[in-house]
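Here's the letter readout for the chains.
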Amino acid sequence: MRQFREIEGHRYLETEIEIGEEGLTIHWFLRAGLHLSERIVRRIKRRPMGVLLNGRFAFVTERLQAGDQLCIRLTDPGDYDRTGESVWMRPPEGMPPLDILYEDDDLIFLNKKDHVVCHPSPGHYADTLANQVAEHLGLIRGRIYPVGRLDRDTSGIVLFAKNSDAAGIMTWERASGNYKKTYRAWADGLIEEDAFTIDKALRRKEGSLMLREVGEDGQEAVTHCKVLERDREKNRTLLSIQIDQGRTHQIRVHLASIGHPILGDPLYHPDYMEEDRQSMPLQLQAFRVDWLSPYLLEPMTLTVPRGLE
């Protein structure tokens, strides 16, 4: 069982060592049991009273016994890595207000609107979701950490970590496949298969910094699609989509490559129409985390309203 505890004004994660984990060193338990990176373990070791074993200070070389109570000191809530070097600009008036789906001391999940950029980039230094999150946290100087991102024209669930420890473990979870993200999109044309998989490598299109294309010499990319609805009157198909890798523009390029581009996609739909873009953005509709991490003590499923007309 894992739980948070406050000890002398600092926040600790407490976990009870189970049968089968005895004999492990604390260092190995933090790496293999909690899946903390070596960098985070070193950071914990340097914190005063960073590791407590049965209420006393412990070195990470000590071995554990079943029933032991191990406490590790986490980044203090409210710090948000204020010693970082990033300087945030106040977001401009008129941006959609933050739609917070879940928030705790370490993580914040938001429902991003389409036409909103996730984080600062050339041409978008203030009008981003990250700037709004920084303002929400009261940051003028400091770091927050987007864990994954969505394209500007894609709506749906975005995760930010408030400190580097949480960012590290959640990035590990993403790389390990413990996230399950489900997208929804209207594809042009009627797709007769009820379910299908697109397995085509993707590469940057020659001469373009933004566009991607299918190419045998590209990076592996696999997209799984299931038909939810066929609208024969408007000649379109509503898809539920999951991806294995998350390459840039993966869903958009893959669907275009089979002749069913996303409606309203200005980059990969040859018959792009602005009215489609306004009503039918690609949407990350569901986000599930299955693994119990030190920063998310229970499995979580977040969903946003369908939002696709």
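Residues numbered from 1 in each chain as written. Predicted model: local features only at pLDDT ≥ 70, side-chain atom pairs only at ≥ 80, totals over all residues. Heavy atoms only, no water.

Trainee: For the overall build of the protein, give the residues involved together with the corresponding values.
Mentor: Across its full length, the protein holds 6 helices and 17 strands. With respect to the principal axes defined by its C-alpha atoms, the protein has extents near 70 × 45 × 35 Å. The buried share among the 309 residues of the protein stands at 47%. Expressed as a percentage of contacts within the protein between residues at least 6 apart in sequence, the contacts between residues at least 24 apart total 66%. Separation of charge centres in the protein, based on 41 positive and 49 negative side chains, amounts to 4 Å. (Helix = DSSP H or I, 4+ residues; strand = E, 2+ residues; numbered from the N terminus. Buried < 20%, exposed > 50% of the residue type's maximum accessible area, 1.4 Å probe, protein only. Contact = heavy atoms within 4.5 Å. Lys, Arg positive; Asp, Glu negative; His and termini not counted. Charge placed at Lys NZ, Arg CZ, Asp CG, Glu CD.)

Trainee: Quick rundown of the packing of aromatic side chains? Include the residues and the values.
Mentor: Aromatic rings in a pair are described by how distant their centres are and how their planes are angled relative to each other. This structure, assessed with the given rule, holds 4 aromatic pairs. Geometrically, the ring pair formed by Phe109 and Phe287 is edge-to-face, given 5.3 Å between the ring centres and 80° between the ring planes. A residue pair is termed long-range when its members are at least 10 positions apart, and Phe109 in strand S7 (residues 107-112) and Phe287 in strand S16 (residues 283-289) qualify at 178 residues. No difference in accessibility class separates Phe109 from Phe287, as the two residues are buried. Relative to Phe287, the ring of Tyr179 has its centre 5.0 Å away and its plane inclined at 50°; by these criteria the two rings are tilted. (Phe/Tyr/Trp six-rings, centres within 6.5 Å; stacked < 30°, edge-to-face > 60°.)

Trainee: Just give me the short version of unusual backbone geometry, but keep the residues and values in it.
Mentor: One non-glycine residue, Glu8, lies in the positive phi region at around 50°. Looking at Glu8, the relative accessible area reads 76%, which means it is exposed. Phi is positive for Asn54, close to 55°, though the residue is something other than glycine. With respect to the helices and strands, Asn54 occurs in the loop between strand S3 (51-53) and strand S4 (56-57).

Trainee: Requested: an account of the pattern of salt bridges, with residues and values cited.
Mentor: This structure, assessed with the given rule, holds 18 salt bridges. The salt bridge involving Arg5 is made with Glu14; its shortest N-O contact spans 2.9 Å. On the accessibility criterion, Arg5 (36% relative accessible area) is partly exposed. The exposure class assigned to Glu14 is buried, which follows from its relative accessible area of 9%. The partner of Arg152 in a salt bridge is Asp153, with the nearest N and O atoms 3.3 Å apart. For Asp153, a relative accessible area of 16% translates into the label buried. (Salt bridge = Lys/Arg side-chain N within 4 Å of Asp/Glu carboxyl O.)

Trainee: So what about a positive patch on the surface? Which residues, and what values?
Mentor: Together, Arg39, Arg42, Lys45 and Arg46 make up a positively charged patch on the protein surface. For Arg39, the position within the fold is in helix H2 (residues 38-46). Relative accessible area serves as the criterion here: at 58%, Arg39 is assigned to the exposed category. (Patch = residues over 30% accessible without salt bridge, like charges linked within 9 Å, V, L, I, M, F, W, Y side chains within 5 Å. Areas by Shrake-Rupley, 256 points an atom, 1.4 Å probe, with all protein chains shown as cover.)

Trainee: How would you summarise the environment of Leu110 if you had to cite specific residues and measurements?
Mentor: You can see Leu110 is positioned in strand S7. Ignoring any residue separated from it by four or fewer positions in sequence, one finds Leu110 in contact with Leu98, Asp99, Ile100, Leu101, Leu129, Val133, Gly156, Ile157, Val158 and Phe160.

Trainee: Before we move on, can you summarise H2 with the specific residues and values?
Mentor: Think of an α-helix as 3.6 residues a turn; residues three or four steps apart then line up on the same face. Among the residues of H2, those classed as buried are Ile40, Val41 and Ile44. Viewed along the axis of H2, the buried residues span an arc of 100°, placing them on a single side of the element. Of the exposed residues in H2, those oriented more than 90 degrees away from the buried face are Arg39 and Arg46. Next to the buried residues of H2 lie helix H1 (26-33), S3, strand S5 (69-73) and helix H4 (164-175). (Arc of directions from axis to C-beta.)

Purely geometric numbers; function is a separate question.
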